[in-house]
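The residues making up each chain are set out below.
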Amino acid sequence: MARKHPDWKPDLLRMHREEIGLTLEDTGEKLREIAERHGFNIAANFQTIWGHEKGSVYPGPHYRRAYCRLYRRNEAQLGFRKALPGEDAPVESVPAPTSAEQKLTDQPGAVRKALSSIREGTDDVDSEALRNRVVNAWSRQAGASADGPTVILVGGYAGSGKSEFAKFLGGLTGWPILDKDSLTRPLVDQLLVSLGGEAHDRSSDLYREKVRPLEYRCLMEAAWDNLDCGISAILDAPFIAEFAQADWMQRFQNRCRSKRVSVAAIWVECDVESMREYIEFRGAARDAWKMEAWEEYAAGLNLKFRPQGPHFVVDNSLGAAVALVDEARDVLSGGGL
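Residues numbered from 1 in each chain as written. Predicted model: local features only at pLDDT ≥ 70, side-chain atom pairs only at ≥ 80, totals over all residues. Heavy atoms only, no water.

Chemist: Please provide a residue-by-residue account of the overall build of the protein, values included.
Modeler: Each helix and strand counted, the protein has 16 helices and five strands in total. Across the 337 residues of the protein, 37% fall into the buried class. By sequence separation, contacts in the protein at least 24 residues apart represent 65% of the contacts at least 6 residues apart. When the accessible area of the protein is evaluated, it comes to approximately 20200 Å², of which 53% is carbon and sulfur surface. (Helix = DSSP H or I, 4+ residues; strand = E, 2+ residues; numbered from the N terminus. Buried < 20%, exposed > 50% of the residue type's maximum accessible area, 1.4 Å probe, protein only. Contact = heavy atoms within 4.5 Å. Areas by Shrake-Rupley, 256 points an atom, 1.4 Å probe, with all protein chains shown as cover.)

Listed below in structure tokens is the structure:
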């Protein structure tokens, strides 16, 4: 162990723990609280902490980050490594701030300090301008509701207008739009070919059984990456199979509830002829089969379909809802006749 971490000073962990009067059990409890708050993957039992302090087990990256939050020190100050150039690494002890003191921390200052590592790589960029932009965005986010992020699932048949409605919501809220096709289409096309299918096929058993589940898994993982950071997201995908399964909807609701995430499922309905007109207009390769076998495809559409569980409906029959969206965009942009 010494050969791998020659600068490690494990006794500093014990020193900081004893300074603030924590037992091994107390330390484990506080580390677990920090881990839950920050999404660290640690168990933090007293045996592990004892091993860290005795130097028999070098703490992994999540443990080191948790220790830094607990003792309000960087890794060098806690004896995990040497200090970087310009980094303070005093060995002398300073009591960790109390909970009351922590609440009085200068939040904007802390954010700017965290962003101070951003520096110019070339002469034609401005790191201060970038930091200001990030701080301003954070300030707006910090002023938002403390109830947690929101995830909106916008589903509907191809050509129903769901993407237009999702983009409208994204423009209003500033929330990221996660479009299934944009996220996965190039990979899906190549995967279908590698499995012996056709790149743009979305009607075969191969696609439905082997590829589609992976498509939606990628979409949902991207959503959780945002939601776990407290960032709301708008998901744009048909969601036909998912919305039809009460157990899938319930599991999703339960997971969101456990993370204090609000959920809104929106189904965009539309008439068959309007859907056909839009599909024909966009001319996407993935829609080739639909257009070639329109009667067969249209016969399989359930125009009375509704998601299982709580949901909203947008009636875009004859493009009415999208027309209202266009009107609202025009007003918001100051446009007019």
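There is more to say after this.
Chemist: I'd like a rundown of the pairing of strand β4 (residues 262-269), residues and numbers included.
Modeler: Of all eight residues in β4, six are buried; the element is thus mostly enclosed. One ladder, built from six bridges, connects strand β1 (residues 150-155) with β4; its direction is parallel. Looking across to β4, one finds that Leu 153 is bridged to Ala 265. Bridging between β4 and strand β5 (residues 312-315) involves four bridges; their strand directions are parallel. From the neighbouring strand, Ile 266 faces β5, where its bridge partner is Phe 312. (Pairing = 2+ DSSP bridges.)

Chemist: Describe the sheet that holds β5, with residues and values.
Modeler: Across a sheet, paired strands are connected by hydrogen bonds in the backbone, their directions being either parallel or antiparallel. Spatially, β2-β3-β1-β4-β5 is the arrangement adopted by the five strands of the open sheet, whose pairing is parallel. Each end of this open sheet is capped by a strand with a single partner; those strands are β2 (177-179) and β5. Within this sheet the neighbouring strands show an average axis-to-axis angle of 20°, counted without direction. Sheet topology places β1 next to strand β3 (residues 233-236); four bridges connect them, and they run parallel. (Axes fitted to C-alpha atoms, helices over the stretch in contact; angles between N-to-C directions.)

Chemist: Please provide a residue-by-residue account of a negative patch on the surface, values included.
Modeler: A cluster of acidic residues, Glu 25, Asp 26, Glu 29, Glu 33 and Glu 36, forms a negative patch on the protein surface. Looking at the secondary structure, you find Glu 36 in helix α2 (residues 24-38). (Patch = residues over 30% accessible without salt bridge, like charges linked within 9 Å, V, L, I, M, F, W, Y side chains within 5 Å. Salt bridge = Lys/Arg side-chain N within 4 Å of Asp/Glu carboxyl O. Lys, Arg positive; Asp, Glu negative; His and termini not counted. Charge placed at Lys NZ, Arg CZ, Asp CG, Glu CD.)

Chemist: With reference to specific residues and values, describe the packing of aromatic side chains.
Modeler: Two measures describe an aromatic ring pair: the distance that separates the ring centres and the angle between the ring planes. This model, assessed by the stated rule, comprises 16 aromatic pairs. Geometrically, the ring pair formed by Tyr 157 and Trp 267 is edge-to-face, given 5.4 Å between the ring centres and 85° between the ring planes. Taken together, the positions of Tyr 157 in the loop between β1 and α8 (162-173) and Trp 267 in strand β4 put the pair 110 residues apart, joining distant regions of the chain. The same class applies to Tyr 157 and to Trp 267, which are both buried. Here Trp 224 and Phe 252 contribute two aromatic rings whose centre-to-centre distance is 5.7 Å and whose plane-to-plane angle is 50°, an arrangement assigned as tilted. With Trp 224 in helix α10 (residues 205-227) and Phe 252 in helix α12 (residues 246-258), this pair connects stretches of sequence that are 28 residues apart. In this pair, the class of Trp 224 matches that of Phe 252, namely buried. One cation-aromatic arrangement involves Arg 255 over Trp 224; the distance from NZ or CZ to the ring centre is 3.9 Å. Geometry around Tyr 297 places Lys 290 over its ring, the cationic atom sitting 5.8 Å from the centre. (Phe/Tyr/Trp six-rings, centres within 6.5 Å; stacked < 30°, edge-to-face > 60°. Lys NZ or Arg CZ within 6 Å of the ring centre and 35° of its normal.)

Chemist: An account of the pattern of salt bridges is needed here, citing residue identities and associated values.
Modeler: Taken as a whole and judged by the stated rule, the model has 16 salt bridges. Note that Glu 242 and Arg 212 form a salt bridge whose closest N and O atoms lie 2.9 Å from each other. Taken together, the positions of Glu 242 in helix α11 (residues 240-243) and Arg 212 in helix α10 put the pair 30 residues apart, joining distant regions of the chain. Exposure remark for Glu 242: the relative accessible area of 7% places this residue in the buried category. Using a relative accessible area of 17% as the deciding quantity, one classes Arg 212 as buried. It is possible to trace a salt-bridge network through shared partners that takes in Lys 180, Asp 181, Arg 185, Glu 215 and Arg 286.

Chemist: Break down the packing of α2 against helix α3 (residues 46-54) for me, with residues and values.
Modeler: Relative to each other, α2 and α3 sit at 105°, their axes nearing to 8 Å. The orientation of α2 with respect to α3, classified from their angle, is roughly perpendicular. Within the contact between the two elements, α2 uses Leu 24, Glu 25, Thr 27, Gly 28 and Leu 31 and α3 uses Phe 46, Ile 49, Trp 50 and Glu 53. In the contact of α2 with α3, the residues fall into five nonpolar, two polar and two charged. (Parallel < 35°, antiparallel > 145°, perpendicular 65-115°, else oblique. Nonpolar A, V, L, I, M, F, W, Y, C, P; charged D, E, K, R; others polar.)

Chemist: So what's going on with the confidence of the model for the protein? Which residues, and what values?
Modeler: With 88% of its residues at a pLDDT of 70 or more, the protein has an overall mean of 85. Confidence, read as mean pLDDT per element, is least for helix α5 (residues 99-103) in the protein (45) and greatest for β2 (97). A low-confidence stretch, residues 92-104 (pLDDT under 50), is modelled with eleven contacts involving residues beyond four sequence positions or located in other chains. (pLDDT = per-residue confidence, 0-100.)

Chemist: Describe the side chain of Arg 17, naming the residues involved and giving the relevant values.
Modeler: In this fold, Arg 17 is placed in helix α1 (residues 11-19). Ignoring anything within four residues of it in the chain, the contact list for Arg 17 reads Leu 22, Thr 23, Leu 24, Thr 27, Glu 53 and Tyr 71.

Chemist: Describe the environment of Glu 280, and please don't skip the residues or the numbers.
Modeler: Position of Glu 280 among the secondary structure elements: in helix α13 (residues 272-282). Since its relative accessible area comes to 53%, Glu 280 is described here as exposed. As for Glu 280 and Met 291, which are separated by eleven residues in sequence, their C-alpha atoms are 7.2 Å apart.

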